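Listed below are the residues making up each chain.
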Amino acid sequence: MKHEDLLKKLEGLKTPEIGLSGHRQTLRMALLHSARFRRRTAMDWAKVLAPVTAAVLLVVSLALFGVVGSGSIFPSLGDNQISQFSSYQQLQQFVQNNAGYKEFYWGVADGLVGLFSRSPESNALVLVPAAPGDSGSGYSGTNIQVAGVDEVDIVKTDGEYIYLASGNKTIIVRAYPADEAQIVSEIESAGTVIGIFVNGDRLVVFEEESPYYALYDVRDSADKFYMPYIAPKTYIRVYDISDRANPTLQRELSTDGQYVSSRMIGEYAYVVITEPAYQQDDEVNLPKIYSDGNEREVPATDIYYSAVADYYYTYTTVMAINTQDDNEEPTSATILLGASSNLYVSTDNIYLTFPVWGTGVGDSEKTSIHRIQISGNNITYVANGEVPGMVLNQYSMDEYDGYFRVATTTWNEGNRNNVYVLNMSLNITGSVENLAPGERIYSARFMGGRCYLVTFKQVDPLFVIDLNDPYDPEVLGYLKVTGYSDYLHPYDETHIIGIGKETTDAGTFAWYQGVKISLFDVSDVRNPVEISKIEIGDRGSDSPVLYDPKAFLFDRSRNLLVMPISEAKVDVTKYSEEELAWAYGETIYQGAYVFNVTLDQGIQLKGRITHVENPEDLEQGYYYYYYPFAVERSLYIGNVLYTISQAKIMMNDLGTLDYINEVALPGSTWAPYEPLPVEPGSVEPSGVGSGTVEPTK
Amino acid sequence: MPADIDLNEERELVKQAQKAPDAFAELYDRYYAGIFGYCLRRTADLETAQDMTSETFVKALNKLWQFRWRNVSFSSWLYKIAANEINQYFRKAGHKKSVSLEELQEQGFEPISTSDPETELIEAQEELRQYQDFLEIQVKLVELPARYQEVIALRFFEKKQIKEIAEILGKKEGTVKSLLSRAVEKLRQSC
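Residues numbered from 1 in each chain as written. Chains lettered and ligands numbered in written order. Predicted model: local features only at pLDDT ≥ 70, side-chain atom pairs only at ≥ 80, totals over all residues.

A.B. asks: I would appreciate a short explanation of the overall build of chain B in the present structure.
C.D. replies: A tally of helices and strands in chain B yields ten helices and zero strands. Counting helices and strands in the order they occur from the N terminus, chain B gives α-α-α-α-α-α-α-α-α-α. Here chain B holds 191 residues, and 46% of them are scored as buried. Restricting the contact set of chain B to residue pairs at least 6 apart, pairs at least 24 apart contribute 66%. (Helix = DSSP H or I, 4+ residues; strand = E, 2+ residues; numbered from the N terminus. Buried ≥ 20, exposed ≤ 12 C-beta atoms within 10 Å, placed from the backbone. Contact = placed C-beta atoms within 7 Å.)

Rendered as structure tokens:
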């Protein structure tokens, strides 16, 4: 064949255009649920899910209603009665009759993006007061929401040691005195360490094995309908660390299902795990708990349910583990619910919430709330209720003086924002509704009898709401400033710190700009005032605090505020005036920014500390999300400021910020990587992935 | 492949995709068909194409934060990863089943090839068999060195412009043209 003929043949060649929708769907699911998104996913759970659910839910609700109308064994869905199943058969029938998933799971796989996703607060390896520690004790604790209720995190300290969750390792570092700092032990795990608690001489490690996929036939096999299902496993291990150099495993618990969140109150660690209830060959699975090698299936008759309509069901199990007494068997309670999306824990109650989407035209979405009473190892499901709208995160909820308060956004028919007060039976006693139409809640904070609420679309109204009368809450005042806050932190009784972004108005919306820290004076509740603000960087600047308040360190007695920031600068010569509003800057710095905060002087940048060793990394764009030299947390012990990245712990003087010492962590074996070979370049194997570029042969 | 995508929009999407699964999902939806098609036409084997495609997107996701906007589109970057995967696959002796299944499992993904709806695969295999002209060329093509395979596949199977091929291969347009010409000649000799 001649050269020209072959060319012609090649040019006219009919090539196969074949697709495999099964592979396409399954790979999509696998990617979206991969560990890659673990710590950063679903900052806005409702938003991610909204477009999908809108399409899906009509089908589902029709299916549900069809079933309910035609002889379900349950008189009505939606009443608040709490019951336990009388038999396995009853549970089986409940799931079969009421779950709508059989009809749509596979076809609209997008729906699953939200179904199993963790709550925003727990996704990020997640205050008024700080946890154990706090000012006075000489070291800082995790930034928690409720005094006395510790929250799991990737970094903990007891004032002498620092404990770190890093990939599949838990690392114990002797941190104080700083000039003698060193790693004393490492515990390796099979799965990924989600977070830890330290309680005296006990270390509690929460670990999750990467989810994998199984396919369950949820219909008759003849129909060839498959349901992709993620089967993660959660491990809870308790170590005795009386010898920090030799931690010894005391007990090991595990369950099938997804870790949602955990808290520690006194000597008890409480963990919430969810697992979908699914049907296979007419069998419905039951949750299992493995304790030191013994398997226990939760009997159907132990499972609570309230007849809340939903399109799929999950078992939500709350477990209580005595961290100090290894002989005390863990206790648990399991409820058949929709998928929990948020969780708030006071010293006496766990509140679980999940969204209930509207079932008809004009019927808005609601949040179903469940109160589980906890006292030592007693766990009792006591009440449930419902409020209109969706909950943003744990900070949108609070319990105070025998009342539960919650701030929600209703998405349908233009956003509206509301605050509800409920009694302990979870009946609404009072409310403030329809705040800031068209906007949504960016952050909320309850402080005693008050609620502070930031909504945003173009400017940031900070609302001050009085909740002292649970039957008649009222808006006291509000302040409109540019920018918004993603996180509100109490400074004192009459001042609040807001962490968010500056914005510039663009007519019908606003462009985000640099990271902004504000100090608000709310002593005159009818006229809140922004008494100080500081903006770091241009558009493209970011901080983990915006998604995960645990990255925030504040101590009023020391006037100290520390947070990791990646600062971006826009090269103004590169853009036209019009482009400047939306131009992204290049990252020029990543590190812990240390501020001095006082009521007199406001917020002042004191200095910054970076772990970046090669500034070129930033220029190359390596900094972005999984860069090991990015500072993630900070804490202090005595007069030493500790900043922590995957690569190292750095120690600086808290007063002068002078460098003292550093400890390299196992995460530091990282090499820059060249994804795109430069001319002449080659695409011979391994150019992508291994960091090497082979020359052209 | 999808229609022309506004590069600014795509740039924003890639940035978002580093932290937001829904943005990554959008990129995936845009490029899955193109990448799967490319893998299929390079290997003429559906199961291998599945593996290569999975591997490409897993790598892309894992390396996304390292992706830099150097006047190279995201799509070209994906093709480049896919090309590397395929070359690596061919380089393994006897074209044995790639290691990608294990690699995937190590990373915590459980591929579903064993439990995939089998009828779909069988039907697709049937369909593939009907492209006799293509299969004849393809079988000769895989005997050539990887650099010739790539350039021919991109030009004649994927119908890419020279400019885009240059972008994917990281070579100058002139280099691509002469490489292409040599590749066609090599293929002619073996036909």
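A.B. asks: I'm lost on the environment of R558(A) in this one. Help?
C.D. replies: All names here are of chain A. Within the fold, R558 resides in the loop between β39 (553-555) and β40 (560-569). Its 15 C-beta neighbours within 10 Å are what place R558 among the partly exposed residues. With 40 residues separating them in the primary sequence, R558 and T598 have C-alpha atoms 9.5 Å apart.

A.B. asks: Would you mind showing me how to read the pairing of strand β5 (residues 169-174) of chain A here?
C.D. replies: Across a regular strand the side chains alternate sides, sitting on one face of the sheet and then on the other. Residue and element names in this part refer to chain A. By the bridge criterion, six bridges tie strand β4 (residues 161-166) to β5 in an arrangement that is antiparallel. The partner of A165 across the bridge, within β5, is T170. What sits between β4 and β5 in their antiparallel hairpin is a turn of two residues, with G167 showing a positive phi close to 60 degrees. Sheet topology note: the β5/strand β6 (residues 182-188) ladder contains six bridges and is antiparallel. Considered in β6, the bridge of T170 is made with I187. (Pairing = 2+ DSSP bridges.)

A.B. asks: I keep staring at the sheet that holds strand β25 (residues 378-388) of chain A and nothing clicks. Help me out?
C.D. replies: Across a sheet, strands are paired by hydrogen bonds formed along the backbone, either parallel or antiparallel in direction. Residue and element names in this part refer to chain A. The four strands are arranged β22-β23-β24-β25 in an open sheet whose pairing can be described as antiparallel. On the outer flanks of this sheet lie β22 (342-345) and β25, each paired with one strand and no other. Between one strand axis and the next, the sheet turns through 20 degrees on average, direction left out of account. Two elements, strand β24 (residues 366-375) and β25, share ten bridges in a ladder whose sense is antiparallel. (Axes fitted to C-alpha atoms, helices over the stretch in contact; angles between N-to-C directions.)

A.B. asks: Is there a simple way to think about the sheet that holds strand β14 (residues 268-276) of chain A in this case?
C.D. replies: Residues and elements named next belong to chain A. Strands sit in the order β1-β19-β21-β20-β14-β13-β2 across an open sheet of seven strands; the sheet is mixed. Strands at the two margins of the open sheet, each flanked by one partner only, are β1 (82-84) and β2 (150-151). In this sheet, strand β20 (residues 314-322) lies alongside β14 in antiparallel orientation, the contact comprising nine bridges. By the bridge assignment for β20, P276 is matched with T314.

A.B. asks: Can you walk me through the nonpolar core in this structure?
C.D. replies: Among soluble globular proteins, nonpolar side chains are generally buried collectively. Ranked by internal contacts, the top residues of the largest apolar core, which has 156 residues, are V173(A), L453(A), Y642(A) and I649(A). Counting residues per element, this core draws most heavily on β14(A), at six residues. Of the domains in this structure, domain 1 (19-342) and domain 2 (482-664) of chain A are the two that each give at least three residues to this core. Ignoring sequence-local partners within four residues, the contact set of Y642(A) consists of I162(A), A175(A), S634(A), L635(A), Y636(A), I637(A), I649(A) and M651(A). Grouped together as the second largest cluster of nonpolar side chains are 50 residues, Y38(B), L40(B), L169(B) and L179(B) included. (Core = buried A, V, L, I, M, F, W, Y, C linked by C-beta atoms within 7 Å. Domains from an automatic or database assignment.)

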